[in-house]
Amino acid sequence: MSYFRDNIDAMAAYVPGEQPAADEKVIKLNTNENPYPPSPRAMEVLRAFAGESLRLYPDAMAGRFRQAAAAVLSVSADWILPGDGSDDLIVMIARAAAGPTRAVAYPVPTFPFYVAQGRIEAAEIVEVPYGDGWKLPVDELIAAGAAVTFVANPSTPSGTMATTQQLAALADGLAGLLVIDEAYVDFADFDALDLTRRFDNVIVLRTLSKGYSLAGLRLGFGVANPSLLEGLVKTKAIYNVSAVACAVGAAAIADQKYHNECVAKIKASREALSGELGKLGYTVTPSQANFLLVRPPAGDAERMYNRLKASGILVRYFKRAEIADQLRITIGTPAQNEALVHAMSQLLE
Ligand SMILES: *Cc1c(COP(=O)(O)O)cnc(C)c1O
């Protein structure tokens with residue numbers, strides 16, 4: 001006997017990456033957090049936060065953050081919909097657009113939260129494998145004809161990107177929504193924001209969790225034409241962005257100077273780490289994100305994951321056939337990366 005719908009009983013729960021207790025001494029390179037602290041301006045806003053602002057309900061549309069994000073992206077504020085992390089936007093989109101006769105499609109492997117939301121809505125799930133070299137399977141996704149198509153770009157766990165032309169062809173060929181999840185775009189060479197202006201079925205998702213070092217704050221947003229966002233608003237929790245997230249997030253996104261400095265450091269570390277691991281004999285997929293997909297020379301990724309963990313370094317291992325011989329490793333500080341290279345070099349001996 002269950003209290004739940006059949007599709008809930010039948011689905012697997014989303015399994016988050018491990019979060020060790022704050023007092024555990026580990027080098028944490030498993031969930032793509034930013035190794036640098038949040039913007040000092042954002043921290044000032046947090047410290048100065050008035051208790052009176054907590055007594056009242058927040059602005060249901062997080063207007064202050066909306067304005068700040070709109071200014072940075074050079075769009076008008078009604079093109080921005082803030083959420084409790086970009087996960088929240090994924091939930092809203094699935095609730096609004098997926099269902100028993102409205103399929104969800106995405107290329108695989110990818111972020112496993114898409115399948116969870118599709119299953120909750122009892123939608124048919126269409127998984128299309130990436131092509132060689134992580135090529136986006138545009139024609140196959142169009143043929144799937146889903147009501148909602150998710151593409152993480154940069155993709156996870158590969159860190160690779162589809163071109164804007166490929167995404168435009170996909171948007172053009174789909175009758176349903178195209179969700180371009182740009183969680184890692186801060187570390188990339190280009191973005192697909194322009195497609196939201198060219199196609200009325202495109203929504204771009206952004207988050208402050210990765211590029212802005214605010215994973216714990218929980219703040220993300222969608223960018224799309226106002227009529228698409230009006231539909232999504234109907235499915236959102238009433239006060240989905242807390243007063244704290246709204247104020248701190250507004251200060252963080254406005255501090256582009258600090259953001260750009262952190263991103264530049266991570267990109268430089270990414271290239272350095274990629275080179276070091278390559279010299280040791282590891283195969284590294286060229287990445288436009290803040291992580292690397294790395295294949296040990298013997299393909300014994302699970303063994304390496306366990307050995308690294310035993311030596312206090314946490315990376316991500318996915319039990320999935322296509323990537324069972326690889327590890328996803330978040331870019332850390334130069335000192336963390338050095339410790340990683342040292343450990344990964346010893347593991348080859
Ligand atoms: C981290 C991540 C997100 C979002 O995270 P939030 O913390 O909920 O904003 C979304 N999509 C992908 C692919 C991610 O890796």
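The structure we're discussing is the one just above.
Residues numbered from 1 in each chain as written. Predicted model: local features only at pLDDT ≥ 70, side-chain atom pairs only at ≥ 80, totals over all residues. Heavy atoms only, no water.

S.K.: Could you clarify how one ought to interpret the sheet that holds strand β7 (residues 202-207) in this entry?
M.R.: Strand order in the open sheet made by the seven strands is β2-β8-β7-β6-β5-β3-β4, with mixed pairing throughout. Each of the sheet's edge strands pairs with one partner strand only, and the pair in question is β2 (80-83) and β4 (125-129). Direction aside, neighbouring strands of the sheet carry axes that sit 20° apart on average. (Pairing = 2+ DSSP bridges. Helix = DSSP H or I, 4+ residues; strand = E, 2+ residues; numbered from the N terminus. Axes fitted to C-alpha atoms, helices over the stretch in contact; angles between N-to-C directions.)

S.K.: Help me out: how do you make sense of the packing of helix α12 (residues 256-280) against helix α14 (residues 334-346) in this one?
M.R.: When two helices pack together, their arrangement is given by the angle between their axes and by how far apart the axes lie. Running from N to C, α12 and α14 cross one another at 10°; their axes reach a closest spacing of 10 Å. Of the possible angle classes, the one that applies to α12 and α14 is roughly parallel. Taken together, the residues of α14 that come into contact with α12 (itself represented by Ser269, Leu273, Glu276, Leu277 and Leu280) are Pro334, Asn337, Leu340, Val341, Met344 and Ser345. For the contact of α12 with α14, a count of residues per class yields seven nonpolar, three polar and one charged. (Parallel < 35°, antiparallel > 145°, perpendicular 65-115°, else oblique. Contact = heavy atoms within 4.5 Å. Nonpolar A, V, L, I, M, F, W, Y, C, P; charged D, E, K, R; others polar.)

S.K.: Even after reading the chapter, I still don't get the site of the ligand, so can you show me in this structure?
M.R.: In the neighbourhood of the ligand, the contacting residues comprise Gly85, Ser86, Asp87, Phe111, Thr156, Asp181, Ala183, Tyr184, Thr207, Ser209, Lys210 and Arg218. Between the ligand and Asp181, the relevant distance is 2.6 Å, taken from a nitrogen atom to a side-chain nitrogen or oxygen of the residue. In this structure, Thr207 approaches the ligand through a side-chain N or O atom, which is 2.5 Å from an oxygen atom. For the ligand, the accessible surface in isolation is 380 Å², of which the surrounding protein chains cover 93%. Using a 2 Å cut-off from the grid points, one finds that the ligand occupies the largest pocket. Taken together, the residues that form the shell around the ligand break down as three nonpolar, five polar and four charged. (Near = heavy atom within 4 Å. Polar contact = N/O pair within 3.5 Å; in protein donor to acceptor, adjacent residues only side chain to side chain. Areas by Shrake-Rupley, 256 points an atom, 1.4 Å probe, with all protein chains shown as cover. 1 Å grid on protein atoms, 1.4 Å probe; cavity = no way out; pocket = protein on both sides within 12 Å on 5 of 7 lines; lining within 4 Å. Sits in = over half its atoms within 2 Å of the grid points.)

S.K.: I keep staring at the pattern of salt bridges and nothing clicks. Help me out?
M.R.: Where side chains of opposite charge bring their charged atoms close, a pairing between them can arise. In this structure the tally under the stated criterion is 13 salt bridges. With its nearest N and O atoms 3.8 Å apart, the salt bridge here joins Asp87 to Arg218. Of this pair, Asp87 sits in helix α5 (residues 86-97) while Arg218 sits in the loop between β7 and β8 (220-223), placing them 131 residues apart in sequence. Residue Asp87 is classed as partly exposed on the basis of its relative accessible area of 28%. On the basis of relative accessible area, Arg218 is assigned to the partly exposed category, the value being 29%. A salt bridge links Glu302 to Lys319; its shortest N-O distance comes to 2.4 Å. Taken together, the positions of Glu302 in helix α13 (residues 301-310) and Lys319 in the loop between β11 (313-314) and β12 (327-330) put the pair 17 residues apart, joining distant regions of the chain. Residues participating in the shared-partner salt-bridge network are Glu182, Asp191 and Arg206. (Salt bridge = Lys/Arg side-chain N within 4 Å of Asp/Glu carboxyl O. Buried < 20%, exposed > 50% of the residue type's maximum accessible area, 1.4 Å probe, protein only.)

S.K.: Just to check I follow, could you spell out the packing of aromatic side chains for this structure?
M.R.: How two aromatic rings sit relative to each other is given by the distance of their centres and the angle of their planes. One pass over the structure, following the stated rule, counts 11 aromatic pairs. Aromatic pair Tyr14 and Phe111: ring centres 6.1 Å apart, planes at 75°, arrangement edge-to-face. One end of the pair, Tyr14, is in the loop between α1 (6-10) and β1 (27-28); the other, Phe111, is in the loop between β3 (104-108) and α6 (113-120), and 97 residues separate them in sequence. Look at Tyr14 and you get partly exposed, because its relative accessible area is 31%. Geometrically, the ring pair formed by Tyr14 and Phe113 is edge-to-face, given 5.6 Å between the ring centres and 85° between the ring planes. With Tyr14 in the loop between α1 and β1 and Phe113 in helix α6, the pair connects residues that are 99 residues apart, well separated along the chain. Here the aromatic residues Tyr14, Tyr106, Phe111, Phe113, Tyr114 and Phe150 are joined through ring pairs into a cluster of three or more. The ring of Phe291 is capped by Arg328, whose NZ or CZ atom sits 5.4 Å from the centre of that ring. (Phe/Tyr/Trp six-rings, centres within 6.5 Å; stacked < 30°, edge-to-face > 60°. Lys NZ or Arg CZ within 6 Å of the ring centre and 35° of its normal.)

S.K.: Looking at this structure, I do not really get empty space enclosed by the protein. What am I missing?
M.R.: Picture a little ball the size of a water molecule; that probe, rolled over the atoms, points out where space is still empty. Scanning the model with the defined rule gives one cavity of 30 Å³ or more in all. Taken as a whole, the largest cavity holds about 40 Å³ of empty space. Taken together, Ser39, Gly211, Tyr212, Ser213, Ala252, Asp255, Tyr258 and His259 form the lining of the largest cavity. Taken together, the residues of the lining of the largest cavity sort by class into three nonpolar, four polar and one charged. (Points joined across faces, edges and corners; volume = space filled by probe spheres on them.)

S.K.: Is there a simple way to think about the side chain of Asn30 in this case?
M.R.: With respect to the helices, strands and loops of the structure, Asn30 is situated in the loop between β1 and α2 (40-47). Judged by relative accessible area, which is 1%, Asn30 ranks as buried. Asn30 has contacts with Gly17, Glu18, Leu314, Val315, Arg316, Arg328 and Thr330, leaving out every residue within four places of it along the chain.

S.K.: I keep staring at the environment of Arg218 and nothing clicks. Help me out?
M.R.: Distance from Arg218 to Ser86, taken between C-alpha atoms, is 8.2 Å for residues 132 residues apart in sequence. Among residues more than four places away in sequence, those in contact with Arg218 are Gly83, Asp84, Gly85, Asp87, Ser209 and Ala245. Within the local environment of Arg218, its side chain forms a polar contact with the side chain of Ser209, the two groups lying 3.5 Å apart. Of note is the side chain of Arg218, whose polar atom sits 3.2 Å from the backbone oxygen of Ala215.

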